[in-house]
Amino acid sequence: MRPVEPSIIEQRSRHPLGDRSASYEPQPFVEVDRLSLYYGEKPAFQDVTLSINKGYITALVGPSGCGKTSFLTCLNRLTDLIAGCRVSGRIMIDTRDVLASDIDVIQLRRRIGMIFQKPNPFPLTIRRNLEFPLREQGLRDREQIAEIIEATLRDVGLWDEVKDRLNSPALALSGGQQQRLCIARALALLPEVLLLDEPCSALDPLSSGVVEDLIVSLRDRYTVLIVTHNLVQARRIADYAALFWIKNGAGRLIEAGPAKQIFEEPRDPLTAAYVSGMRG
Amino acid sequence: MAETLSRPQDHREWFAFVLVWGAAALVTAVFCWLLGDIIWHGLSHVSWTFLTTSPENAGRRGGIGPILVSTSLILGVCLAVSLPIGIGTAVLLAEFTSDQSLFGRMTRRSLDVLAGVPSIVFGLFGNAFFCKALGLGFSILSGGLTLACMVLPILIRSTEEGFRAVPASYRLSAAALGLSRSTTLVHLLLPAAVPGLLVGLVLGIGRAIAETAALIFTSGYVDRMPQSLLDSGRALSIHIFDLSMNVAGGDANAYASALVLVVLLLAINGAASWLATYGLHRKIMTV
Ligand SMILES: Nc1ncnc2c1ncn2[C@@H]1O[C@H](COP(=O)(O)OP(=O)(O)OP(=O)(O)O)[C@@H](O)[C@H]1O
Ligand SMILES: [Mg+2]
């Protein structure tokens, strides 16, 4: 078990959900420099340079297999779990050098929440799903944990739906509820960055809408990076967008910039062709 | 499924129907006949006295008290040794060794070979290693350790399968939440792997409790009440073997002992599947 980090409690009082000011000067928070990733000898993507602004929603779009998921997993070093996976380049998140060999990966992952395409709550009760990572982070105070559970569940709009059955299995929830529970579970750790990998694609249109509204409500408070195949959705929610494409068998970043520019006056012909699919 | 099978559409389906149900009926019939035979001949001899008293006149009369004690001790030694080693090795193989690595492949291959080795070979090995080389003599300890060697391959492989059956998304989502590898292992993977472990355990105990060949050379024949783990002790299966092969007029007690053995086996099986479906399921894998 890890020792209790004294900073956690302080951070909590300093950084309650929801009272950061609403407007930001665009200010890079995640800076990716010439990043490449190989599975064995096969490149997933190469030479990606991208900076992601603090407190905004950035959408990653592109055809299947162009390395969007792989890109996200670099940012929280989930790539460490994949045998034969090699990453080169440089990633700075705030002041942290993510790829440095001496970085505390566990701390890093607590600062960077990730939501997967398929909702993946643990086969535990709803309460235990939220409580488990918190306890692991060093939080022991039952009352405080209960407060955080309520606050995050309210944050994702799930509180009223589950407050009477916190002790029932999380897997009994609907897909949309499970996905919101997963988002709550990530938010409870007070991340700075949220990585969302097609969070709505396994959900029905109604739940998808609910989750989308939730993501929009996270703007300003978190730096959100979302992968989506739904260009209409990307257009609706994103402040910035980046297009990945497969060239010579490896993913490349084709164009990145403000969403308005990417979707309405793209500079690259590939981008133009891709986003025109949105209108057609 | 049953709907379509019970109303066969054409000859081929009819044939498949007869084959499938025939095979199932045959297996069930053999089991029932076996069980019926044992109950028929054995039930009238089983009583509390039979379960608690010592055998007399080479087992023709008296009970199986000391034999039950020896059997449980042998099984206890076997489990106490094989469970921790088995789970540990399974974790190592499933979570910390890649499929392709030389170490992983060699270990798996050796285990698969070991699982198929006849028990008499384990008996001779146990006799040479535990009884002679380690100087434990004919003892419950030697017998239990030999059984542990025999049960380990089955236990490890099926526990490993249990770990592999846990979806990779658990590991990824746990890591993404900043859970350490050990926490993930203890709190998420281990509970999820329990069904595999239980299957291995039931198969293993089944093999161990029914074992004669591996025990004849290691824990021995002595049917007295054991005083310590270093005493020789006669296991139930050896008792049955001895009564039916070497003791004229021992059939009645052989049947009664066989009945006890079968009931024990069924009880262990039942307990394990209850544990898998209710006890643990409800608590951890709740759906
Ligand atoms: N664990 C892995 N091992 C080997 N190759 C992988 C692995 N994961 C992904 N790949 C390969 O890397 C490339 C990029 O995959 P990735 O999942 O990042 O694409 P993606 O853009 O997220 O696709 P999608 O939109 O379908 O989710 C693909 O060619 C894929 O086959
Ligand atoms: Mg993907």
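Quick caveat, the model's predicted, so the values are computed rather than measured.

1. A word on the domain arrangement of chain B
Residue and element names in this part refer to chain B.
- The domain boundaries assigned to chain B delineate domain 1 (9-42) and domain 2 (49-279).
- Centre-to-centre, using C-alpha coordinates, domain 1 lies 30 Å away from domain 2.
- Between domain 1 and domain 2, the contact holds 6 residues from the first and 5 residues from the second.
- Approximately 580 Å² of surface area, both sides summed, lies buried where domain 1 meets domain 2, with 83% of it carried by carbon and sulfur atoms.
- When the buried area of domain 1 at its contact with domain 2 is split by residue, I38, H41 and G42 rank highest and sum to 64% of it.
- Between the two partners, domain 1 and domain 2, sit 0 salt bridges.
- Looking at the side of domain 1 that touches domain 2 residue by residue, the class counts come to 3 nonpolar, 2 polar and 1 charged.

2. Some points on the site of ligand 1
Residue and element names in this part refer to chain A.
- In the neighbourhood of ligand 1, 13 residues make up the surrounding shell, with S64, K68, T69, S70 and H229 lying closest.
- Within the side chain of E198, one N or O atom sits 3.3 Å away from an oxygen atom of ligand 1.
- Taking 630 Å² as the accessible area of ligand 1 by itself, protein coverage stands at 63%.
- Going through the elements one at a time, β2 (42-53) and α2 (68-75) are the ones with two or more residues in the shell around ligand 1.
- Among the elements that take part in the shell around ligand 1, α2 stands out by supplying 3 residues, more than any other.
- Within the shell around ligand 1, the residues separate by chemical class into 4 nonpolar, 6 polar and 3 charged.

3. Description of unusual backbone geometry
All names here are of chain A.
- We note that R34 has phi near 45°; this positive angle belongs to a residue other than glycine.
- Inspection of the secondary structure assignment puts R34 in strand β1 (residues 28-39).
- Although it is not a glycine, N248 sits at a positive phi angle of roughly 50°.
- Tracing the sequence through the fold places N248 in the loop between β9 (240-247) and β10 (250-258).
- Classification of N248 as exposed rests on a relative accessible area of 81%.

4. Details of the pattern of salt bridges
- The full count for this structure, using the stated rule, is 20 salt bridges over all chains.
- Among the salt bridges present, the one from K163 of chain A reaches D160 of chain A, with a minimum N-O distance of 3.3 Å.
- For R234 of chain B, the salt bridge is made with D242 of chain B, and the minimal N-O distance between the two is 3.3 Å. In this structure, R234 of chain B and D242 of chain B share a single accessibility class: buried.
- Through salt bridges that share partners, R108, D112, R157, E160 and R164 of chain B make up one connected network.

Reading the values: the criteria
Residues numbered from 1 in each chain as written. Chains lettered and ligands numbered in written order. Predicted model: local features only at pLDDT ≥ 70, side-chain atom pairs only at ≥ 80, totals over all residues. Heavy atoms only, no water. Domains from an automatic or database assignment. Contact = heavy atoms within 4.5 Å. Buried area = accessible area lost by both parts, 1.4 Å probe. Salt bridge = Lys/Arg side-chain N within 4 Å of Asp/Glu carboxyl O. Nonpolar A, V, L, I, M, F, W, Y, C, P; charged D, E, K, R; others polar. Near = heavy atom within 4 Å. Polar contact = N/O pair within 3.5 Å; in protein donor to acceptor, adjacent residues only side chain to side chain. Areas by Shrake-Rupley, 256 points an atom, 1.4 Å probe, with all protein chains shown as cover. Helix = DSSP H or I, 4+ residues; strand = E, 2+ residues; numbered from the N terminus. Buried < 20%, exposed > 50% of the residue type's maximum accessible area, 1.4 Å probe, protein only.

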